[in-house]
Amino acid sequence: MFFVDTLETEGLGNRSYLAGGAATAVVVDPPRDVERVVAAAAGRGVRIAYVVETHIHNDYVTGGLELSRLTGAQYLVPAAARVSFDRVPVADGDSVAVDSGLSLRALATPGHTPHHTAYVLVEDGREVAAFTGGSLLIGTVGRPDLVEPRLTEQLARSQHASAHRLAGELHDDVRVLPTHGFGSFCSSSQAEGDATTIGKERTGNDALTQDVDTFVAQMLAGLDDVPAYYAHMGPVNADGPAPVDLTPPRAADGEEIAQRLAAGEWVVDLRSRTAFSQGHVAGTFNFEAEGKLATYLAWLIPWGKPVTLLAASAEQLAEAQRELVRVGIERPAAAATGEPSSWLRTGDDLRSFPRVDFATLKQALDRGDDVVVLDVRRDSERADEHVRGSVHIPLHELHRRTGEVPTGVVWVHCAGGMRAAIAASLLDAGGRDVVAVDDGFDAARSAGLTVTAGS
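Reading the values: rules and limits
Residues numbered from 1 in each chain as written. Predicted model: local features only at pLDDT ≥ 70, side-chain atom pairs only at ≥ 80, totals over all residues. Heavy atoms only, no water. Helix = DSSP H or I, 4+ residues; strand = E, 2+ residues; numbered from the N terminus. Rg over C-alpha atoms; globule rule 2.2 N^0.38 Å. Buried < 20%, exposed > 50% of the residue type's maximum accessible area, 1.4 Å probe, protein only. Contact = heavy atoms within 4.5 Å. Areas by Shrake-Rupley, 256 points an atom, 1.4 Å probe, with all protein chains shown as cover. Phe/Tyr/Trp six-rings, centres within 6.5 Å; stacked < 30°, edge-to-face > 60°. Lys NZ or Arg CZ within 6 Å of the ring centre and 35° of its normal. 1 Å grid on protein atoms, 1.4 Å probe; cavity = no way out; pocket = protein on both sides within 12 Å on 5 of 7 lines; lining within 4 Å. Points joined across faces, edges and corners; volume = space filled by probe spheres on them. Nonpolar A, V, L, I, M, F, W, Y, C, P; charged D, E, K, R; others polar. Pairing = 2+ DSSP bridges. Core = buried A, V, L, I, M, F, W, Y, C linked by side-chain atoms within 4.5 Å. Axes fitted to C-alpha atoms, helices over the stretch in contact; angles between N-to-C directions. Right-handed = clockwise from strand over helix to strand, strands pointing away.

## With respect to the overall build of the protein
When helices and strands are tallied, the protein shows 16 helices and 23 strands. The C-alpha radius of gyration of the protein comes to 24 Å, within 12% of the 23 Å expected for a compact globule of 455 residues. For the protein, the spread of C-alpha atoms along the principal axes amounts to about 70 × 50 × 35 Å. Residue burial in the protein is summarised as follows: out of 455 residues, 56% are buried. Pairs at least 24 apart in sequence give 69% of the contacts found in the protein among residues at least 6 apart. Surface summary for the protein: the accessible area is close to 17,900 Å², and the carbon and sulfur share equals 48%.

Next comes the structure, spelled out in structure tokens:
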């Protein structure tokens, strides 16, 4: 009997897989923090014989090279991928024996990238699962616009063809096990559900139910913003990522934190948005450790800028370090834990700002207060519906567009509160008076605010 274990990387919306038999296993699209994979294999009592990549990833730094070095496993990478390290090049139709009666076959599935390759797990001659990476996802496919703008339409057409190849060569019961699609921005649209098969996708995936022209036109029209750090992930992965260092950073006191802020470095407070709003060091930014920390911090911070982390506990700091190395933020310049009062320079005071709901915003508007409503959701979200009269600057553009925010007290909202908290901290650090609307957007209409569609 074979097994397939799923390793979730929830903050990035991705999955990795450990699959094998009684003695040996293969790892598909491993995360950067490979200790999780090693522990999973140890728990199964199996040796990792192969590490495979479906493609050179654009959304996270792979742990594949390091995992192969640590375990002695063969590192299989699509032959057409241009990389700077030694690996076993894989071409369409290649097959390796994973365990007794269990093999893995490569299937060329270009689209997400030109060299994209899926891997089919075969038990006793029968296909049982397909590791589809960024090709066929749950109800959708991987986006085709992360490689080169001139290739986007061509790759979209390749995605359609690759989906049809998978559906044409595999029977309905084969499990579809994608890497992307669980909140990842590598997905061309929001994937629905947690598990699927070729048969389910055959009837429910647009790539398999629409003709190629309709599919391509619809997908290209629906592509959303690309996180800025994606531009750096492909080159890092092609060069061969270095081993990670997750040891605790050097501790900083209040004086050093103030100096780093004065130097223009980023000092990031990882505490909850509730705690941050109640008291924080002036000039710091709030990226919740429990939110999509890696995605949004890596998206907003200028690439390579030093970052100091402030955390409620050593455990919170350690987990944040783990998340950040997954997107290439290798080592914090410094860190501090504990209470925010201990992060202050002598003589300084903590800052704070209000945190409210949409009903409170409605009351302020009714009173005629000097209110600027700032919507920091993405363009696609605002197009569905928005508060009439609000200013729109997507969160990922706010840091370079703060000068466009009108004068007055800025009441900032998003869809649920997390991005509004980040935006409020950016504006607060710049000296603006802010109010964070920490509420679900559905509450805007029920609060009596005028909500309208269109940009």
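Further notes follow.
## As for the packing of aromatic side chains
This structure, assessed with the given rule, holds 9 aromatic pairs. An aromatic cluster of at least three residues, connected via ring pairs, comprises Phe185, Tyr296 and Trp299. Note that Arg15 overlies the ring of Phe182, its terminal NZ or CZ placed 3.7 Å from the centroid. The aromatic ring of Phe441 is capped on one face by Arg377, whose charged end is 4.1 Å from the ring centroid.

## Some remarks on the layout of surface pockets
When its volume is computed, the second largest pocket comes out at roughly 160 Å³. Around the second largest pocket, the lining residues are Ala228, Tyr229, His232, Ala298, Trp299, Leu300, Ile301, Pro302, Trp303, His396, His399 and Arg400. A breakdown of the residues in the lining of the second largest pocket according to their chemical character gives 8 nonpolar, 3 polar and 1 charged.

## Overview of the sheet that holds strand β18 (residues 371-375)
Read from one edge of the open sheet, 5 strands run β17-β22-β21-β18-β20, paired in parallel fashion. Where the open sheet ends on each side, the last strands, each with one partner, are β17 (355-356) and β20 (391-392). Relative to strand β22 (residues 434-437), β17 runs parallel, the two being bridged by 2 bridges. Of the residues in β22, the one forming a bridge with Val356 is Val437.

## Digging into the nonpolar core
Ranked by size, the top nonpolar core spans 52 residues in total, and within it Trp266, Phe287, Leu297, Leu374 and Leu398 carry the most contacts. By residue number, the principal contributor to this core is helix α10 (residues 293-300), which donates 7 residues. Setting aside its immediate chain neighbours within four residues, Leu374 contacts Val391, Ile393, Leu398, Val405, Val410, Trp411, Val412, His413 and Leu427. Counting residues in each nonpolar core, the second largest holds 21 residues, with Leu76, Ala106, Ala129 and Phe131 among its members.

## A look at the sheet that holds strand β6 (residues 88-90)
With mixed pairing, 6 strands are arranged side by side in an open sheet as β1-β2-β3-β4-β5-β6. The outermost strands of the open sheet, each flanked by one partner alone, are β1 (3-9) and β6. Averaged over all neighbouring strand pairs, the angle between strand axes comes to 25°, with direction disregarded. Sheet topology note: the strand β5 (residues 74-78)/β6 ladder contains 3 bridges and is parallel. Bridge pairing in β6 places Leu76 opposite Val88. Lying over the sheet, helix α1 (residues 35-44) contacts β1, β2 (14-20), β3 (24-28) and β4 (47-52), oriented at roughly 155° with respect to β1.

## Remarks on the pairing of β5
Burial analysis of β5 places 4 of its 5 residues in the buried class, which makes it a mostly covered element. The pairing of β4 with β5 spans 3 bridges and is classified as parallel. Within the sheet, the bridge partner assigned to Val51 lies in β5 and is Tyr75. Each parallel crossover has a hand, and the one from β4 via helix α2 (residues 64-71) to β5 is right-handed.

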